[in-house]
Amino acid sequence: MRARYLIVDVFTDRPFSGNALAVFPDGHDVPSHLMQKIAREMNLSETTFVTRSSDDSYDVRIFTPSNEMPFAGHPTLGTAWVLRHLGRTSDRTVQRSTAGDTPVSIALDTVWLERAGNVGPDVEDVSFVAHALGVSETDIGFSASQLGMERVMLAPAIADAGLAQLMVPIADSATLASMQPRAEISD
């Protein structure tokens, strides 16, 4: 079997930085039973297989080295960018995955996705989150007014827009850059 793939760097404008992603734009040529094995061999955080594409939409399967995912942000952005630059989709397209439809817009090298989902409730034990991330409790949370939104305090919460994730608001980029997450934590 032969299959073309591209490796792209998402969330960066420099090669060999950001989040690497393998994209198989002709994933329909890859047998389903090999997709997980290929993703394991690629050993990147995610690998995508485009199983169908047209000017206004594409179908995709997203794999980590160990499992298939219903949705993930950086693979959505990277795959849409690849398809647009190959001339397979327009500037406004819809990604279809097992998590549902995700509208994607592209302007030059800026890619934007929109997904509805659920947030909450807030995580009550902020000290546990701070300890796990290697930061102070005071480093976590800030007012949404700093982002030009209504005055509400942002706090750690579980957000689910196709894949449940803990979202932790950190206002200071220096704190974010200095984080030392702990691999193992205990009570």
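First, a word on scope: everything that follows refers to the structure included in this document. (Residues numbered from 1 in each chain as written. Predicted model: local features only at pLDDT ≥ 70, side-chain atom pairs only at ≥ 80, totals over all residues. Heavy atoms only, no water.)

1. Here's the deal with the overall build of the protein
Note the following rule: Only runs of H or I of at least four residues qualify as helices and only runs of E of at least two qualify as strands under DSSP, and these elements are numbered from the N terminus. Each residue gets one of three labels from its accessible area relative to the maximum for its type: buried under 20%, exposed over 50%, partly exposed in between, using a 1.4 Å probe on protein chains only. Two residues qualify as a contact provided that any one of their heavy atoms is within 4.5 Å of a heavy atom in the partner residue. The convention is simple: Lys and Arg are positive, Asp and Glu are negative, and His and the chain ends are not counted. Just so you know, the charge point we use is NZ for Lys, CZ for Arg, CG for Asp and CD for Glu.
A count of helical and extended segments in the protein gives four helices and 13 strands. With the principal axes as the frame, the protein shows a C-alpha extent of 50 × 35 × 30 Å. The burial tally for the protein puts 35% of its 187 residues in the buried class. Expressed as a percentage of contacts within the protein between residues at least 6 apart in sequence, the contacts between residues at least 24 apart total 54%. Each charge class in the protein was averaged separately, 14 positive and 24 negative side chains, and the resulting centres sit 10 Å apart.

2. Notes on unusual backbone geometry
With a phi angle near 70 degrees, phenylalanine 11 is a residue other than glycine that sits in the positive phi range. In this structure, phenylalanine 11 sits in the loop between strand 1 (6-10) and strand 2 (19-24). The class of phenylalanine 11 is exposed, set by a relative accessible area of 58%. With a phi angle near 60 degrees, asparagine 43 is a residue other than glycine that sits in the positive phi range. Following the sequence through the fold, asparagine 43 ends up in the loop between helix 1 (32-42) and strand 3 (47-53). Under the relative-accessibility criterion, asparagine 43 is labelled exposed at 58%.

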